[in-house]
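Each chain, written out:
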Amino acid sequence: MKKHLNTLIILLSIFFNQITFTQEIKSTDEIISARVDSVIALMTLDEKIGQLNQLSFGIGWGPTVKSNVPDEYKELIREGKIGSFLNALGADFTRDLQKIAVTESRLKIPLIFGYDVIHGFKTIFPIPLAEAATWQPEMLEMSTHYQALEASSAGINWTFSPMVDIARDPRWGRIMEGSGEDPYLGSLMAAASVRGYQGNLSDKNIIACAKHYAGYGGAEGGRDYNTVDISERTLQDVYLPPFKSAVDAGVQTLMASFNEINGVPSSASKYLLTDVLRDEWGFKGFVVSDWNSIGELVIHGVAVDLKQAANIAINAGLDMDMESRAYITYLAALVKEGKVSEETVNESVKRVLRVKFLLGLFDDPFKYCNEEREKETILSKEVKDAALEVAKKSFVLLKNENNLLPLKKDYKKIAVIGPLANSTENPLGGWAAMGDSSDVISILAGLKNYVKGNTEILFSEGCKINDPSTIGFTDAINTANNSDIVILCLGEGNDMSGEACSRSTLDLPGVQEQLAKELFKTGKPIVVVLMNGRPLSINWLNENILAILETWFPGITAGEAIAQVLFGDYNPAGKLPVTFPRTVGQIPIYYNHKNSGRPGDLKNHYTSKYLDLPLTPLYPFGYGLSYTTFSYSNLSLNKNKITKNDKLQISVTVKNTGNYDGEEVVQLYIQDLVGSVTRPVKELKRFQKIFLKKGESKTVEFTLSEKDLRFTTADMKFASEPGTFKVYAGTNSVDVLESQFELVQD
Ligand code: NOJ
């Protein structure tokens, strides 16, 4: 009787948010943990396992808005056999589902609703690779803040984002979902994204999920889902830092990746999921599998059947099962057979409940179900303005000869040509959530709006994105001939990057390059506007076209952002977060490679190079021009020797030497010349985006300390080693000033 009374008191305390049972409780963590314990004490094994089960609403992948709840789902929710849905959206619809959970199930535990809000919910922002090209973590923080604002108004409280996979192979379609090739830039972006989504976990924030843990971007051949075989050192120094950074920034969930890594699928990896993530990094949130990645343990060949897969995954530390139904089907039996301890299940359940408490769902399960807020927020001006700002900042000017850009305002006729010119679907990019092409401003529409009838805008599609037909060439050529300048809009379709969208070539698809060559013959000045989700090898364009603007997939404000940048209302300042190879055969090519014993030298046959290619990429990491120019001088260090207690101050002067005000990303790299293991030829350590008026100069200061020099040493410790380090500062990873210092033992 006394026990029941206690239970009642605890339950009341949960639902009325009053901690009545102890005076010692102080921190939020302690309060939550006590509340979690009080819930878990009431749960049957089946109810516990239910919390670890996540199902997608509807059949297959894809979002479901307001619809009838099938009896099967109703029953599962009532029985407490679902902890979370993905792909169920809308304030009203999530309310319907939540209502069943909190009124019809025995313990009334609220559901958590997940969705892939990758670069926007309805207001689609630029793809994440583009957001990384801003080199402004605060831009990504703003973007994810607004993405959360929209998603949270539509019942969503958990996004499967950010993707923080380092990607060194542009054939991999998912390169577009991340921040590119560099662990330092990637780590800053990961943290910014987590801050933006999660904020202070108010009803306008959502829980973030760092994915895909781990090594997913290292797929052999860039082929999605493929084997990953990388050294422990590379894993530690290159692939894991962004995850660690997300954890340090307070990310509440991680997603285990599909791939195997060095023989062990991530979803079965106790090393990754427990030893590194929890024991080393102290992660307190929960890990969700990728879609059926527990089921795929059987296909990988590490489990004979789904039951063994469930056993391996839960014991490795994988808390929530997305869609394979392995846990809901087999965990209870595994516990009874003694293969999985109830304690292990309890730990996972506690982690899930903890996040639900953090979100405040126990206190107000309908916190995210406010139809009025949904109406006000979705596609609101505030969110669209933010998307426009990020888009402009994400563009990278790859070439601009004869100062063709910015466009003069007195052209009489501008020809807008190409398969991406009038497209409203493609600017959304991949993983565009609830994005709708009817909300997108195409390049053509953007330019027409911009010139407001003062200039005539002509249009011809020329060709399709990925089609052999050249039938539209004649019209395109006539249109070009009939105009003063051509804006040629080329690139990939939005369905050519993203999940399962690996490509074996980085060339422009279809006959687009041929179209460019034909238009080139007209002698008209041409500006190429590129849209794509990965680096492209655009050698011919680079050699022949005067101006090239990389706009990635800019989201719904595409045309507006592009018009403003082409006409110079905003001076582009984006920098490449990933190397652009000359050809697919150059892959892997990334700036922070090792030197080798025979670094490439075209004059020396027996060196590391290709017989038929220059040593350099088409555009290096960190590259990007401006309508103005910058000069760098006076790279200076306050010391030429530091100990581990010192701070090294590095300064460099940057001058705007051109004709426009503009922003510049000042980049700082180091090179550890000699180590117990070989070290990269350059590593990005700091950067700063500065604004300089025409003629203005600024001295930019950076501070480094011994901590910044650490790496995984020969004996697998994360430490620095005394010796000489070079310091490079410049406008990209190649064009740099150079100095050096020594790290000495104190
Ligand atoms: C599979 C993808 O790999 C992952 O990134 C995504 O979050 C899930 N599906 C859910 O849609």
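Residues numbered from 1 in each chain as written. Predicted model: local features only at pLDDT ≥ 70, side-chain atom pairs only at ≥ 80, totals over all residues. Heavy atoms only, no water.

**Some words on the overall build of the protein chain**
What counts is decided by this rule: A run of H or I in DSSP counts as a helix once it spans at least four residues, and a run of E counts as a strand once it spans at least two, with each numbered from the N terminus. Throughout, radius of gyration means the C-alpha value; the globule benchmark is 2.2 Å times the number of residues raised to the power 0.38. Only protein chains enter the accessibility calculation, which uses a 1.4 Å probe. A residue is then buried if its area is under 20% of the maximum for its type, exposed if over 50%, and partly exposed in between. The contact definition used throughout considers only heavy atoms, calling two residues in contact when any of these lie within 4.5 Å. Each accessible area value is a Shrake-Rupley result obtained with a 1.4 Å probe; residue values ignore everything except the protein chains displayed when judging cover. Charged residues are defined here as Lys and Arg on the positive side and Asp and Glu on the negative side; His and the ends of the chain fall outside this count. Here the site of a charge means NZ on Lys, CZ on Arg, CG on Asp, or CD on Glu.
The secondary structure content of the protein chain amounts to 22 helices and 26 strands. What you see for the protein chain is a C-alpha radius of gyration of 27 Å, in line with the 27 Å of a compact globule of 746 residues. Each principal axis of the C-alpha atoms in the protein chain carries an extent, and together these give about 90 × 65 × 50 Å. Burial analysis of the protein chain (746 residues in total) assigns 60% to the buried set. Nonlocal contacts in the protein chain, meaning residues at least 24 apart in sequence, comprise 78% of its contacts between residues at least 6 apart. For the protein chain, the computed accessible surface area is about 28000 Å², with 49% contributed by carbon and sulfur atoms. Computed over 77 positive and 91 negative side-chain charges, the inter-centroid distance for the protein chain is 3 Å.

**Digging into the state of the cysteines**
Selection criterion: Pairs of cysteine sulfur atoms within 2.5 Å are identified as disulfides in what follows.
Scanning the entire structure with this criterion turns up 0 disulfides. The structure places no disulfide on cysteine 463, whose sulfur is separated from the nearest cysteine sulfur, that of cysteine 489, by 11 Å.

**A few points about the environment of leucine 743**
Examined against the element boundaries, leucine 743 turns out to sit in strand E26 (residues 736-743). Apart from the residues lying within four places of it in its own chain, the contact partners of leucine 743 are Ile642, Thr643, Lys644, Glu706, Leu709, Ser720, Glu721, Pro722, Gly723 and Phe725.

**Looking at the nonpolar core**
The condition is simple: Only buried residues count toward a nonpolar core. Its members are Ala, Val, Leu, Ile, Met, Phe, Trp, Tyr and Cys residues joined through side-chain atoms within 4.5 Å.
The biggest cluster of nonpolar side chains holds 104 residues, and the ones touching the most others in it are Phe85, Leu97, Tyr213, Leu254 and Tyr327. In this structure, Tyr411, Ala480, Ala558 and Ala561 belong to the second largest nonpolar core, which totals 83 residues.

**Some words on unusual backbone geometry**
A cis amide bond, omega 10 degrees, links serine 161 with the succeeding residue proline 162. Here the bond from lysine 211 into histidine 212 is cis, since omega is -5 degrees, no more than 30 degrees from zero. Checked against the element boundaries, histidine 212 lands in strand E5 (residues 209-213). Even without glycine at this site, tryptophan 552 takes up a positive phi of about 55 degrees. Examined against the element boundaries, tryptophan 552 turns out to sit in the loop between strand E16 (547-550) and helix H22 (558-566). When its relative accessible area of 0% is taken as the criterion, tryptophan 552 is described as buried. Phi is positive for methionine 716, which is not a glycine, with a value near 65 degrees.

**Things to note about the sheet that holds strand E25 (residues 723-730)**
Selection rule: Whether two strands pair comes down to DSSP finding at least two bridges between them.
Strands sit in the order E18-E26-E25-E20-E21 across an open sheet of 5 strands; the sheet is mixed. Edge strands, defined here as strands with exactly one partner in the open sheet, are strand E18 (641-642) and strand E21 (683-692). With 8 bridges connecting them, E25 and E26 associate as antiparallel partners. Bridging across to E26, glycine 723 finds its partner in leucine 743.

**Some words on the sheet that holds strand E4 (residues 158-159)**
Pairing in this open sheet of 5 strands is parallel, and the strands run E4-E3-E2-E1-E10 from one edge to the other. The two strands at the open ends of the sheet, each matched to only one other strand, are E4 and strand E10 (321-322). The sheet contact formed by strand E3 (residues 112-115) and E4 spans 2 bridges and is parallel. Counterpart to glycine 114 in the pairing with E4 is tryptophan 158.

**Observations regarding the side chain of serine 626**
We apply this condition: N or O atoms within 3.5 Å of each other form a polar contact, as long as, within protein, one can give a hydrogen and the other can take it, and as long as residues adjacent in sequence are counted only when both atoms are side-chain atoms.
Its place among the elements puts serine 626 in the loop between H22 and strand E17 (630-637). At 3.0 Å, the side chain of serine 626 forms a polar contact with the backbone nitrogen of threonine 628. Filtering out sequence-adjacent residues up to four positions away, serine 626 remains in contact with Leu397, Asn571 and Pro572.

**A short note on the layout of surface pockets**
Put simply, the rule reads: For each structure, a 1 Å grid was placed over the protein atoms alone; sets of points admitting a 1.4 Å probe that cannot get out are labelled cavities, open sets with protein on both sides within 12 Å along at least five of seven lines are labelled pockets, and lining residues have an atom within 4 Å of a point. Grid points are joined across faces, edges and corners, and a volume is the space filled by probe spheres set on the points.
Computed from the structure, the second largest pocket encloses a volume of approximately 1000 Å³. Taken together, 32 residues make up the lining of the second largest pocket; nearest its centre are Ile589, Tyr590, His593, Leu615 and Thr616.

**A look at the site of the ligand**
Rule in force here: Here, proximity means that at least one heavy atom of the residue falls within 4 Å of the molecule or strand. Amino acid classes used here: Ala, Val, Leu, Ile, Met, Phe, Trp, Tyr, Cys and Pro are nonpolar; Asp, Glu, Lys and Arg are charged; the rest, including Gly, are polar.
Every one of the 14 residues lining the ligand counts as a neighbour, but Asp116, Arg174, Lys211, His212 and Asp290 are closest to it. Between an oxygen atom of the ligand and a side-chain N or O atom of aspartate 116, the distance comes to 2.5 Å. The separation between an oxygen atom of the ligand and a polar side-chain atom of lysine 211 is 2.8 Å. Coverage of the ligand by the protein chains reaches 98% of its 290 Å² of free accessible surface. Here the residues of the shell around the ligand sort into 8 nonpolar, 1 polar and 5 charged.

**Examining the domain arrangement of the protein chain**
Worth spelling out the cut-off: By convention here, the domain bounds are inherited from an automatic or database domain assignment. By buried area we mean the combined loss of accessible area, with a 1.4 Å probe, across both parts when two parts are placed together. Put simply, a salt bridge is a Lys or Arg side-chain nitrogen that is within 4 Å of an Asp or Glu carboxyl oxygen.
When cut into domains, the protein chain gives domain 1 (1-114 + 341-379), domain 2 (386-586) and domain 3 (630-743). Placing a centre on the C-alpha atoms of domain 1 and another on those of domain 2 gives a separation of 46 Å. The partner domain 2 presents 4 residues to the 5 residues of domain 1 that form the contact. With both sides pooled, the region where domain 1 packs onto domain 2 buries about 310 Å², and carbon together with sulfur makes up 89% of that total. The largest per-residue losses of area from domain 1 upon contact with domain 2 belong to Trp61, Leu89 and Leu379, which jointly make up 77% of the total buried on that side. Between the two partners, domain 1 and domain 2, sit 0 salt bridges. On the surface where domain 1 and domain 2 come into contact, there are 0 residue pairs in polar contact (both at pLDDT 80 or more). Counted by class, the side of domain 1 that touches domain 2 contains 5 nonpolar, no polar and no charged residues.

**Considerations on empty space enclosed by the protein**
Counting across every chain of the model gives 1 cavity of 30 Å³ or more. Lining the largest cavity are 21 residues, and of these Pro128, Pro162, Met163, Glu177 and Ser179 lie nearest its centre. Here the element with the most residues in the lining of the largest cavity is helix H8 (residues 183-198); it accounts for 4 residues.

**Focus: the pairing of strand E13 (residues 456-460)**
Which entries qualify depends on this criterion: A clockwise path from the first strand over the helix to the second, with the strands pointing away from the viewer, defines a right-handed crossover.
As defined by bridge partners, strand E12 (residues 413-417) adjoins E13 across 5 bridges and the pair is classed as parallel. For alanine 415, the partnering residue across the bridge sits in E13 and is leucine 458. Regarding topology, helix H18 (residues 443-451) serves as the crossover connection from E12 to the parallel E13, and that connection is right-handed.

**Considering helix H2 (residues 28-40)**
The test is simple: Residue count minus one, scaled by 1.5 Å, sets the expected span of a helix.
Across its 13 residues, H2 extends 18 Å between first and last C-alpha, which sits within 8% of the 18 Å expected from 1.5 Å per residue. The set of residues buried in H2 consists of Ile32, Ala34, Arg35, Val36, Ser38, Val39 and Ile40.

**Let's talk about helix H11 (residues 270-280)**
Buried within H11 we find Leu272, Leu273, Thr274, Val276, Leu277 and Arg278. Phi turns positive, to about 70 degrees, at glycine 282, one or two residues after H11.

**Things to note about the packing of aromatic side chains**
What describes a pair of aromatic rings is the distance from one ring centre to the other and the angle between the planes of the rings. Put simply, the rule reads: Any two rings among Phe, Tyr and Trp, with Trp reduced to its six-membered ring, count as a pair given centres within 6.5 Å; such a pair is stacked if its planes are under 30 degrees apart, edge-to-face if over 60, and tilted if neither.
Under the counting rule described, the total for this entry stands at 26 aromatic pairs. Here the aromatic rings of phenylalanine 85 and phenylalanine 113 are separated by 6.5 Å at their centres, their planes lie at 15 degrees, and the arrangement is stacked. Pair noted here: phenylalanine 85 is in strand E2 (residues 84-86) and phenylalanine 113 is in strand E3, with a separation of 28 residues, a long-range link. Overall, the relative accessible area of 0% leaves phenylalanine 85 in the buried class. Ring geometry for tyrosine 216 and phenylalanine 258: centres 6.2 Å apart, planes at 65 degrees, overall edge-to-face. On the criterion of sequence distance, the pair formed by tyrosine 216 in the loop between E5 and helix H9 (232-239) and phenylalanine 258 in the loop between strand E6 (253-256) and strand E7 (260-261) is long-range, its members being 42 residues apart. In this pair, the class of tyrosine 216 matches that of phenylalanine 258, namely buried.

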